[in-house]
Every structure is written in structure tokens, then in C-alpha cells.
Amino acid sequence: MTRHALVALIISALVVAAPLAQKNAPAKPGGNAKLDALKQEAVADVESRTQFAQQMVDQIFSYGELGFQEFETNRYLIDILKQNGFAVQEGIAGIPTAFMATWGSGKPVIALGSDIDCIPQASQKPAVAWHEPMIEGAPGHGEGHNSGQAVNITAALAVKKIMEREKLPGTIRIWTGTAEELVGTKAYFVRAGFFKDVDIALFTHVGENLDVSWGERAGNGLVSVQYSFVGETAHAAANPWRGRSALDAVELMDIGWNYRREHLRLQQRSHYVVVDGGDQPNVVPPTASVWYYLRELDYPHIMELYALADTIARAAAAMTSTTLLPPRILGSAWPGHFNRVIADAMYENIKQVGLPPWTDADQRLARALQKELGVADSGLAVKLDTLRPALKPEERRGGGSDDIGDVSWNVPTVTLRFPSNIPGLPGHNWANAISMATPIAHKGATAGAKVMATTLLDLLLRPELVSQAWDYFRNVQTKDIKYQPLIRPQDRPAIELNRDIMARYRPEMRRMYYDPSKYPTYLEQLGIAYPTVRAADGSCAGGATP
Ligand SMILES: [Zn+2]
């Protein structure tokens, strides 16, 4: 008898025995023996798929694709989903690297999403506890978005098997958080109607613990907007008075913004990069562009910040006698608001699943990296985080964004965080890539998949949860605040972003794609010892080989 068959036998025995047992033992509140047995089965099934999840985590890590250029990642995920009976709509909402996969029929419709893109210049050898790029200057998974799809797909396959056998009605959708680092797509998915018939959205994102929150947290929403100026070219030495510098306009806009920054609310975050600053110094730059992320806590404050940036841009154009082109919105995000009912149910499953058992090697890598970065060497989390409730308005001080916020204002949504990364890292950095193709990421993703699978079963077998979630959504969350998109009707996804960077690095990266037919893990393919940490004298001798 296989282990699988044995588990199935025990579970069917439990299911049969459950009504008898209930007669003797007092039923726990909300107790549901059949559901509990199915959850145990799902957890065992996810555990049996650890290699499947590990390969997915490693494969997507090796692709290292920036936002809107996730072509390999997309193809890979679509193939897996089709092989497993999902119908896949490709290139949704005008975005070539986005899809919506569907399996099952009827209610509830549950959408599982996770981001897939990576970070510029974050190339890093996994399992090596110091900065050592795989390819100098190349992008890499310095946020850990290579791990979330493994969580969702592993969970979905375990639950699908149960749904087929038990003939449970319900529809599972799987979709990609494409170009999340550009907050570039989810508002378009919403606009195109992809969440119209969805009952519950379960999102997942890499973290340092196994946790979930509800209500509004610290994070901001934002608009991502590019200001482009047009001047007049001239010989910068012979006839400078004939020229009008678009770069001057960009610089004056940035200076204006930086002076004004002191007089903005503390909750705002704003930052920019100059994407076009001219060609060469002896030619007065006829074009220049600056790209801003303008972040605030809520829609009215985001719009206020955006209007101020428009004013400063127009003023910079006036000062330099250049022309300001119509500002282009490259992305947007509502601040997230997560569903209390679903978070409560998910947290019960988190408590059942618990944190993965870390090995000494896992902890050694974590502590070595923390030491390298000069932060507390606390190692990996060994104590489960608490359920994080809504912050009070005065406790919200601003922070990062994720365009899952847009989904969360259209459908009851939660974000599950799973422990595939090391605590105390800077974020958007090579350091955040180090654990992401190691046993830490693999075990974290499997723990996440167990929570996802058991929460899916809750939603399928306890229809009252779905209606309570909508009750919270309608009567608490959106009672006074209604969603209105930050993107304008004329805006289109900025699908050309990152094309040039990926074209530059992809040929070299392609040679390092993970080949699971030859190597059980990506670390073995790379020939990296786990963990690779500094010697006692602090040297990197005998370090990473490739
Ligand atoms: Zn992220």
C-alpha cells in the first residue's frame, strides 16, 4: 500500500467514524468532522507535493524576469495549469504576460493570486550569505515573487483532487500578479471585469512568518506617473541661448518637489528616477522624463499628491520654456483593506499548520546573512505571528504598496504571508534573493500551501463564511468608502517597460535556467553548498563555485 492510499484509508475511516465520535465527545464550536478530515487529507497531500513546489520555486527563481517581461514564467505556469485540467485565458486585459486559469464549476468562485516579477539589479547566488551576483547587473528575485505561485498551485491541486472525489461544487481561478513592482496590472484586471463574478480572493505574498491581517494596515496606495518635457536642441557651447533644456525642467521639477516635501503629510512616500536625461552634454537635451511614485494612505490624499505633482511639473515647464506632455500613468494601487471574516478563518488554519521545522543549516544561513547586514541575528522565525488586526487611523504611518489593494476593494480579499524569507532584510535588494531558491523558501511555500488548501476547503464547505465575508465587505469596509479607479479611462498597461533591460540580460540568464530533468534542485545545478557562509576568520574562501 502506498503512503497515499494509507492516508486515504485512515481519512475515510475518520469520516465514517466521525458521527459516532461526535455522540460521545462534545462537539467543539463550529466543529465539522468531515471538514477537519478533509483538511488533514489536504495537508498530507500538499506535503506529498513538496518536490513539485520546490521545482516551481526554483524554476521561477532562475527565470528572474522583470515586470511585463515575465514570458518564461508565464509559459511555464500556463503549461502546468493546462496539464492539470485548467482552462487558461492568456494575455488578459491587454497584458501579454498575464493569464486567468479556471477549473471547476459553480459557486463559490475563489481566485488565488500571487506576484511573479522580480527586481532590477538583484541578481544573487542563492544560499550564499554575502553579495555575489549570478550575473553582474542582471535582475533577480530580490523580493521573493518566485515563490507565491507554488503556494497557490500546490494548494489548488490538492483541493481539486478532493473536490473531484467529493463532487464539491466550486470554481478555482489562478491568476498572476504581473508587474507588481510596477503596480502595473491589477487595476486593469479589475477594469476588464476579471473579478466581477469572484466570491473570494485569496492572495499570497512571501514574508518572514506565516500570517494574515485584516482591515487597513500601514501600507500606502499610489499613482506611478511619468512627466515628459520637450525643449529645443542646440549646440551646448556655440549657441546655448538657442536651446531650451528639457533636462532643466526635470531637474527643476525634482528640486521643487524636494523643497515641498518638507511640507507634506508624514504618511506620504514619494520617489523618482530620471528615465531620460538627454543624450550627451554638448547637445542641449530636447527631451527628458522623470518617473514618480506618489504614495499616500487613501484615495483623496493620493489624488491631492498627484495634483500637486502636476502643478510642479507645469511650473517647471513654464520656468524653462519647455512643453510638458500629458502625464502618463504607468501604474496605480489602492491601499489594501483585508477581510476580517476570511482572515479569522485563515488564522485558525495557520495555527494548525504552524511554522516549518527549520534545520541547523537553514538557521546558519539566516544568521550569517543577518550578521553580514549588521542586523540582529535572530535567525528564522520559530514563533508564529499573531493575527494582525486593523490599525487605528493614527497608527497608519505609510509604507509600501501592492495593487492587490484594487482587488481588495472589489471582492473580499486577504493576503497570506508565508515564511520563505529571512527576517531583517532591506527589501528590493540582493539580500532578499538569498533564501529564495533554498530549503527555506521551499519549506515556507509548502507551509503556505497547506494554509491555502485548508482555507479553500473552509470556503467550499462553509458557505456561511462567504456570505459573512460579503457582509463585512458591504457593511463595514465599503460602507463609507467606494472604489474608484486611479487609472483614467484612456490609460493602458505600460507593457513595454523593462523590455530593453531583459533583452540585454536574457541571453546570459537563459544559460542558467534551472533544468529539473538533470538536477533535483537549483542549488545542485549551480554547485552551491548549503549554506555557504563566511569562514570563522570572516573570509569568503571556498565560497560559491559558479
Ligand atoms: Zn512583493
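Now for a description of the structure that goes with this document.

### Some points on the coordination of the zinc ion
In the first shell of the zinc ion, the protein supplies E143 (OE), H145 (NE2) and H205 (NE2), at 2.0 Å from the metal. Overall, E143 belongs to the buried group, its relative accessible area being 15%. The class of H145 is buried, set by a relative accessible area of 3%.

### Some words on the sheet that holds strand β2 (residues 99-105)
Taken in spatial order, the 6 strands make up an open sheet running β1-β2-β4-β3-β5-β11, and their pairing is mixed. Looking at which strands have only one partner, the edges of the open sheet turn out to be β1 (87-90) and β11 (413-419). Each adjacent strand pair in this sheet contributes to an overall mean axis angle of 20 degrees, direction not counted. Bridge analysis of β1 against β2 gives 4 bridges, and the strand direction is antiparallel. By the bridge assignment, A87 is partnered in β2 with T102. Contacting β2, β3 (109-115), β4 (170-177), β5 (200-207) and β11, helix α5 (residues 148-166) runs over the sheet at an angle of about 170 degrees to β4. Docked against the sheet, helix α9 (residues 340-353) engages β5 and β11, running at close to 25 degrees with respect to β11.

### Looking at the nonpolar core
Counting 91 residues, the largest nonpolar core has F86, L112, I172, I174, L202 and M346 as its most contacted members. Looking at this core element by element, the count peaks at 11 residues for helix α12 (residues 439-461). With near-sequence residues (within four places) excluded, L202 lies in contact with I110, A111, L112, G113, I342, M346, V414, M452, T455, L456 and L459. Counting residues in each nonpolar core, the second largest holds 61 residues, with I92, I95, V183 and F229 among its members.

### Notes on empty space enclosed by the protein
Which parts of space are left empty comes out when a probe the size of a water molecule is rolled across the atoms. Counted by the stated rule, this structure contains 1 cavity of 30 Å³ or more. Taken as a whole, the largest cavity holds about 110 Å³ of empty space. Taken together, 14 residues form the lining of the largest cavity, with F61, S123, M134, P139 and M509 sitting closest to its centre. Here the residues of the lining of the largest cavity are counted per class, giving 8 nonpolar, 6 polar and no charged.

Reading the values: rules and limits
- Residues numbered from 1 in each chain as written.
- Predicted model: local features only at pLDDT ≥ 70, side-chain atom pairs only at ≥ 80, totals over all residues.
- Heavy atoms only, no water.
- Donors = N, O, S within 2.8 Å, 3.2 Å for Na, K, Ca; no water.
- Buried < 20%, exposed > 50% of the residue type's maximum accessible area, 1.4 Å probe, protein only.
- Pairing = 2+ DSSP bridges.
- Helix = DSSP H or I, 4+ residues; strand = E, 2+ residues; numbered from the N terminus.
- Axes fitted to C-alpha atoms, helices over the stretch in contact; angles between N-to-C directions.
- Contact = heavy atoms within 4.5 Å.
- Core = buried A, V, L, I, M, F, W, Y, C linked by side-chain atoms within 4.5 Å.
- 1 Å grid on protein atoms, 1.4 Å probe; cavity = no way out; pocket = protein on both sides within 12 Å on 5 of 7 lines; lining within 4 Å.
- Points joined across faces, edges and corners; volume = space filled by probe spheres on them.
- Nonpolar A, V, L, I, M, F, W, Y, C, P; charged D, E, K, R; others polar.

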